[in-house]
Amino acid sequence: MEQNGKIQNSEVCQLKNEHLKSMTSDYLYHFGLNTDNLQERFGDVKFVCVGGSAHRMKMFAEYLREQLAGYVSVGDDLNDITGAAHRYSMYKVGPVLSVSHGIGAPSLAVMLDELFKLLYYAKCTSVTIFRIGTSGGIGVQPGTVVITDQALNGFLQPHYEQIILGKVITREAVLDKTLVSEIKAVAEKMDDIEVVTGGTMCAADFYEAQGRLDGSVCNYTADDKKQFLQKLFNAGVRNIEMESVCIAAKCHLVNIKCAIVCVALLNRLHGDQITTPPELYKKYELRPQRLVTQFIKTKLGFK
């Protein structure tokens, strides 16, 4: 439920499928997990951080293990919990899961369905999900972290659309405004990270849907692109990626709070190609991870 832009987060994930009640067992196919011992293995999870790259999410898990020293065992090996399924990667660091979701909304949607079921079967309570990743900025400098306050589709509508049984089903993409403010407050105490809040446009692909001129197909002009990106900026959009409306809508549907925290690797008003030197790129890429980790540490009571 949404009241004054605030999601009322219940204790448990609220699945919306009555058919699950008649199933004697459930296999999370793309995770390679069945429902045995899920509560014992995952019942303490309070935070889930998701991102596109499996390699990036492993690095994030390693960073988490260092940062949560004293709360988790630093010496423990990080095993890819879902690696046997060869689709997504998942690592557990104390009360935090680090999970890859691939690229784009379809890949993310599959992962989220199984993640929600895992959280439900494990009887996890008061979970917050973060998408951390990279994006193309709109009118912001490279390296700026954008905390999404509104997730929008290609029509600049806060909706996620799926074709289900031959019909277009539209679901509202909702983000918790209080959570956005809390993350922003943590960011403002980190002197080396520039952060803005703003809208995020969720594109259906990396090239044409984002108005790029460097794809294999392009049937619009440079002026068309410029006008489109200026329209985005004027509407309050500060970055473009490919997952925001999906995660915002699906988390809202099952009553889980989520936040989207992505770094802008370039300003699309100035071009389509990333020209940032590799060493600086790596520094930028870590900024959402550092911010979300600091937020988690704050919630866990770290000083």
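- The name that an unreviewed UniProt entry assigns to the protein chain is Uridine phosphorylase 2-like protein, with the source organism given as Leptotrombidium deliense.
- Per UniProt, the comment on the protein chain under Sequence similarities (unreviewed entry) is "Belongs to the PNP/UDP phosphorylase family."

## Some details on the pattern of salt bridges
- Evaluated as defined, the whole model comprises 12 salt bridges.
- Taking the shortest distance from any N to any O, the salt bridge between Glu285 and Arg56 comes out at 3.1 Å. Here Glu285, found in helix H7 (residues 278–300), pairs with Arg56, found in helix H2 (residues 54–67); they are 229 residues apart in sequence, far enough to count as distant. Just as Glu285 is buried, Arg56 falls in that class too.
- The partner of Arg268 in a salt bridge is Asp272, and the shortest N-O contact between them spans 3.0 Å.
- We classify Arg268 as buried; its relative accessible area is 1%.
- Owing to a relative accessible area of 11%, Asp272 belongs among the buried residues under this scheme.
- In the salt-bridge network here, residues are joined through shared partners; they are Arg131, Glu241 and Glu243.

## Looking at the UniProt feature "binding site: phosphate" (unreviewed entry) in the protein chain
- This chain's UniProt record puts "binding site: phosphate" (unreviewed entry) on Arg87, Arg131, Ile132, Gly133 and Thr134.
- With respect to the secondary-structure elements, Arg131 resides in strand E8 (residues 128–137).
- Judged by relative accessible area, which is 3%, Arg131 ranks as buried.
- Here the side chain of Arg131 touches His101 through a polar contact of 3.3 Å, side chain to side chain.
- Considering the arrangement of structural elements, one finds Ile132 in strand E8.
- Dropping the residues within four chain positions of it, Ile132 is found in contact with Cys49, Val50, Gly51, Arg56, Met57, Phe60, Val261, Pro288, Gln289 and Val292.

## Digging into the domain arrangement of the protein chain
- Taken domain by domain, the protein chain comprises domain 1 (26–126) and domain 2 (134–302).
- Of note, the centres of domain 1 and domain 2, computed from C-alpha atoms alone, are 22 Å apart.
- Opposite the 24 residues of domain 1 that make contact, domain 2 presents 20 residues.
- Carbon and sulfur atoms supply 76% of the area that domain 1 and domain 2 bury against each other, a total of about 2,000 Å² over both sides.
- In terms of surface lost to domain 2, no three residues of domain 1 exceed Phe47, Arg56 and Phe116, which account for 27% of the buried area on that side.

## So, the nonpolar core
- One finds Val48 and Ile129 to be the most contacted residues of the largest nonpolar core, which totals 42 residues.
- Secondary structure elements with two or more residues in this core: helix H1 (38–42), strand E5 (47–51), strand E7 (96–100), helix H3 (105–121), helix H6 (244–253) and strand E14 (257–267).
- Counting residues per element, this core draws most heavily on H3, which supplies 9 residues.
- Once you skip the residues sitting within four places of it in the chain, Val48 turns out to touch Leu97, Val99, Leu115, Leu119, Val127, Thr128, Ile129 and Phe130.
- In this structure, Ala187, Val263, Leu291 and Val292 belong to the second largest nonpolar core, which totals 34 residues.

## Looking at the side chain of Asn239
- Within the secondary structure, Asn239 is located in strand E13 (residues 237–241).
- Residue Asn239 is classed as buried on the basis of its relative accessible area of 0%.
- At 3.1 Å, the side chain of Asn239 forms a polar contact with the side chain of Ser135.
- Polar contacts involving the side chain of Asn239 include one to the side chain of Thr200, which spans 2.6 Å.

## Here we look at unusual backbone geometry
- The phi dihedral of His86 is positive, around 60°, even though this residue is not glycine.
- As for its placement among the helices and strands, His86 is situated in the loop between H2 and strand E6 (90–93).

Definitions and cut-offs
Residues numbered from 1 in each chain as written. Predicted model: local features only at pLDDT ≥ 70, side-chain atom pairs only at ≥ 80, totals over all residues. Heavy atoms only, no water. UniProt positions renumbered as here; feature names shortened; annotations may be inferred. Salt bridge = Lys/Arg side-chain N within 4 Å of Asp/Glu carboxyl O. Helix = DSSP H or I, 4+ residues; strand = E, 2+ residues; numbered from the N terminus. Buried < 20%, exposed > 50% of the residue type's maximum accessible area, 1.4 Å probe, protein only. Polar contact = N/O pair within 3.5 Å; in protein donor to acceptor, adjacent residues only side chain to side chain. Contact = heavy atoms within 4.5 Å. Domains from an automatic or database assignment. Buried area = accessible area lost by both parts, 1.4 Å probe. Core = buried A, V, L, I, M, F, W, Y, C linked by side-chain atoms within 4.5 Å.

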